[in-house]
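Read off the chains here:
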Amino acid sequence: MSFLGGGSKPGAAVNSDRMEMAVQELDMITDVFNRLVSSCHNKCVSPRYAEPDLNKGESVCIDRCVAKFFEVNKKVGEKLQSVGNAAGGGGAFGMQS
C-alpha cells in the first residue's frame, strides 16, 4: 500500500492524511453507487417482481439510466471544477488535480 505512504517495507507507518483522503474517496464512491442503484432501480424495475431476471425493457432502461447518470455526474463535476478554477481554488472544493 505504498500509495498511502507506507512504502514497500513491512510495518512502515501509513500516512494518516492519505488514509483519510482514501476513506473519504471511498465514501463518496459508495454514495454515488448507492444513489445510482436506487435511482435506476426505482425508475426501471417494477415493484412487482414477475420474473427472476430482468426483462429486455428493464435491461435497456437500466443501461440508459446508468449512462445518463454518469453523463450528468461528469457534467456537474466539470462545472464545479470550472467554478472552482474561476474562484481561484484550483478545482472543485479547493482541491487541485
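The structure this text deals with has already been given above.
This report concerns the structure included in the present document. A quick note: this is a predicted structure, and the numbers were derived from the prediction, not measured.

Focus: helix α1 (residues 16-44)
Right, so step 1: The terminal C-alpha atoms of α1 lie 42 Å apart, and with 29 residues this matches the ideal 42 Å at 1.5 Å per residue to within 8%.
Right, so step 2: Residues V32, L36, C40 and C44 constitute the buried set of α1.
Right, so step 3: Check the buried side of α1 and you find it contacts α2 (56-86).
Right, so step 4: Of the residues that open α1, the one with a side-chain oxygen 2.9 Å from the backbone nitrogen of D17 is N15.

Observations regarding the packing of α1 against α2
Right, so step 1: Relative orientation of the contacting elements α1 and α2 amounts to 140 degrees, with a least axis distance of 9 Å. Comparing their axes, α2 and α1 come out oblique. Seen from above, α1 lies across α2 with right-handed handedness. Taking contact as the criterion, the partners of V32, R35, L36, C40, K43 and C44 in α1 are, on α2, E58, C61, I62, C65, V66, F69, F70 and N73.
Right, so step 2: Per-class residue counts for the contact of α1 with α2 are ten nonpolar, one polar and three charged.

Scoring rules and cut-offs
Residues numbered from 1 in each chain as written. Predicted model: local features only at pLDDT ≥ 70, side-chain atom pairs only at ≥ 80, totals over all residues. Heavy atoms only, no water. Helix = DSSP H or I, 4+ residues; strand = E, 2+ residues; numbered from the N terminus. Expected span 1.5 Å × (residues − 1). Buried < 20%, exposed > 50% of the residue type's maximum accessible area, 1.4 Å probe, protein only. Contact = heavy atoms within 4.5 Å. Polar contact = N/O pair within 3.5 Å; in protein donor to acceptor, adjacent residues only side chain to side chain. Axes fitted to C-alpha atoms, helices over the stretch in contact; angles between N-to-C directions. Parallel < 35°, antiparallel > 145°, perpendicular 65-115°, else oblique. Left-handed = near helix turned anticlockwise from the far one by under 90°. Nonpolar A, V, L, I, M, F, W, Y, C, P; charged D, E, K, R; others polar.

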